Amino acid sequence: MGPRADKHDDVYDRQIRLWGADAQKKMSNARVLYINLTGVTCEIMKNLVLAGVAAVVCDSRPYPEAVREMPCSFFHAEDMESAAAGNGSSQCTVAKSVQPKVEELNPLLAGRNSIEERPIAELSDDFFTQFDAIIASRLTVEEAKRISASLQKVEEGKLFIVTDTFGFDGCAHLDFGASHKFRRELGKDKLSDLMSVDPYLSMADMLVVPLESAKGRWDKFVPRILVLHRLLMDYWSSVEKPEFVNFAQDWLAKNKLSTSALSSDVQDCSLDTLAEIAQHPEVSPVCAVLGGILGNEVIKSLTGKGEPANNVMMFSGFDGGCRSFLLKKNDA
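First things first, this report covers the structure right here in the doc. (Residues numbered from 1 in each chain as written. Predicted model: local features only at pLDDT ≥ 70, side-chain atom pairs only at ≥ 80, totals over all residues. Heavy atoms only, no water.)

## Considering the overall build of the protein chain
The helix and strand inventory of the protein chain stands at 13 helices and 14 strands. Rg of the C-alpha trace for the protein chain: 20 Å, near the compact-globule value of 20 Å for 332 residues, within the 12% margin. For the protein chain, restricting intrachain contacts to residue pairs at least 6 apart in sequence, the fraction spanning at least 24 positions comes to 67%. Counting only carbon and sulfur atoms, one obtains 50% of the accessible surface of the protein chain, whose full area is about 15700 Å². Between the centroid of the 37 positive side chains of the protein chain and the centroid of its 47 negative side chains there is a distance of 6 Å. (Helix = DSSP H or I, 4+ residues; strand = E, 2+ residues; numbered from the N terminus. Rg over C-alpha atoms; globule rule 2.2 N^0.38 Å. Contact = heavy atoms within 4.5 Å. Areas by Shrake-Rupley, 256 points an atom, 1.4 Å probe, with all protein chains shown as cover. Lys, Arg positive; Asp, Glu negative; His and termini not counted. Charge placed at Lys NZ, Arg CZ, Asp CG, Glu CD.)

## Remarks on the sheet that holds strand 8 (residues 169-175)
Pairing is mixed across the open sheet formed by eight strands, whose spatial order is 5-2-1-6-7-8-13-14. Of all strands in the sheet, those with a lone pairing partner are strand 5 (114-116) and strand 14 (321-325), marking the two edges. For this sheet, the mean inter-axis angle between neighbouring strands, taken without regard to orientation, is 20 degrees. Contacts between helix 10 (residues 224-236) and the sheet are confined to strand 7 (159-166), strand 8, strand 13 (312-316) and strand 14, with strand 7 contributing the most and set at about 90 degrees to the helix. (Pairing = 2+ DSSP bridges. Axes fitted to C-alpha atoms, helices over the stretch in contact; angles between N-to-C directions.)

## A short note on the packing of aromatic side chains
Enumeration over the complete set of coordinates arrives at five aromatic pairs. Judged by centre distance (5.5 Å) and plane angle (80 degrees), the rings of Phe 127 and Phe 128 are edge-to-face. Phe 128 carries the same exposure label as Phe 127, and that label is buried. Relative to Phe 247, the ring of Tyr 235 has its centre 5.4 Å away and its plane inclined at 65 degrees; by these criteria the two rings are edge-to-face. A residue pair is termed long-range when its members are at least 10 positions apart, and Tyr 235 in helix 10 and Phe 247 in helix 11 (residues 244-254) qualify at twelve residues. The same class applies to Tyr 235 and to Phe 247, which are both buried. Every member of this aromatic cluster is reached through a ring pair, and the members are Phe 127, Phe 128 and Phe 131. Its guanidinium or amino end placed over the ring of Trp 236, Arg 138 lies 3.9 Å from that ring's centre, counting from NZ or CZ. (Phe/Tyr/Trp six-rings, centres within 6.5 Å; stacked < 30°, edge-to-face > 60°. Buried < 20%, exposed > 50% of the residue type's maximum accessible area, 1.4 Å probe, protein only. Lys NZ or Arg CZ within 6 Å of the ring centre and 35° of its normal.)

## Details of the nonpolar core
Of all hydrophobic cores here, the largest spans 56 residues; its most connected members are Ile 35, Phe 128 and Phe 160. The greatest single-element share of this core, amounting to nine residues, is contributed by helix 10. Judged by nonpolar contacts, the second largest core, of 44 residues, contains Leu 37, Val 57, Leu 174 and Phe 182. (Core = buried A, V, L, I, M, F, W, Y, C linked by side-chain atoms within 4.5 Å.)

## A closer look at the environment of Arg 68
Position of Arg 68 relative to the elements: it lies in the loop between strand 3 (62-63) and helix 5 (77-86). Relative accessible area serves as the criterion here: at 45%, Arg 68 is assigned to the partly exposed category.

## A few points about the pairing of strand 6 (residues 133-136)
A regular strand places its side chains so that they alternate between the two faces of the sheet. Along strand 6, one buried face is formed by Ala 133 and Ile 135 and the opposite face, lined by Ile 134 and Ala 136, is buried too. Here strand 1 (residues 31-35) runs beside strand 6; their pairing, made up of four bridges, is parallel. What sits directly across from Val 32, in strand 6, is Ala 133. Here strand 6 runs beside strand 7; their pairing, made up of four bridges, is parallel. Along strand 7, the bridge assignment pairs Ile 134 with Phe 160. Chirality of the crossover, the property in question, places the unit of strand 6, helix 8 (residues 141-151) and strand 7 among those that are right-handed. (Right-handed = clockwise from strand over helix to strand, strands pointing away.)

Right under this line is the structure:
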């Protein structure tokens, strides 16, 4: 065992004690692709890079305009603008700008982190299949379907998460892959036999489930946070941003939903309020909490230890609760 291996074990000692050496090895050999950095995906990336998981950042958007309001402690827009100015660069991509910060987080990953500055449309389907997990924000439904279809072509299960935060709420769609196997934790040092995600729904199938029918045993109405996420995904993907209130009214009618679907017993969200959230969506504590939760789901996927969240997670900053919701194929 060389000096580098000794340092690796010293740095990750607590994680090895928690997850085991085999799990840490799987994490250290994995690579995660991050598409379009936001507050929540930066929190996930920070947590996983510190845990020894290599990051590949794919974000062709112009820096700093695309992330000027992004709340992230290690990727502060003003600091990065100063760094860019110091390097004589007045304009570059988000991926290029964040690269030095990612490298600083964990020197043991030197040479394993990388960036991709091409737009998603220019990337081949095979590009996405080389990663162990993909975490995306500000993705269009069509882009998500395309990535999902490419991942379905490979035998091994690969995690695909689409997540965003908006105001005090956050939502994530999680696709662990049809062939993903895991062992449920039964107690201290006790694991179940291999299990499959059941029922399983691909990301592409999740995104075509009619929202009007997306209900469950404990949800007599469509979950408000799920409706908000899908509405904002479609709004943010608009090439020319229309007036939000009119867009939302048309979108609700198209999906056979009323404005009451945007409110709950503890939160009344008017279209005017939501219009403001759509323009300035991210709140730092919400990104941090949801990012921590989703980072744990990535670790479950990479190690095969722990029952995964199937297949939507919704976080409410009003009560601090995060719960899962199952989108079902028979609703499609």
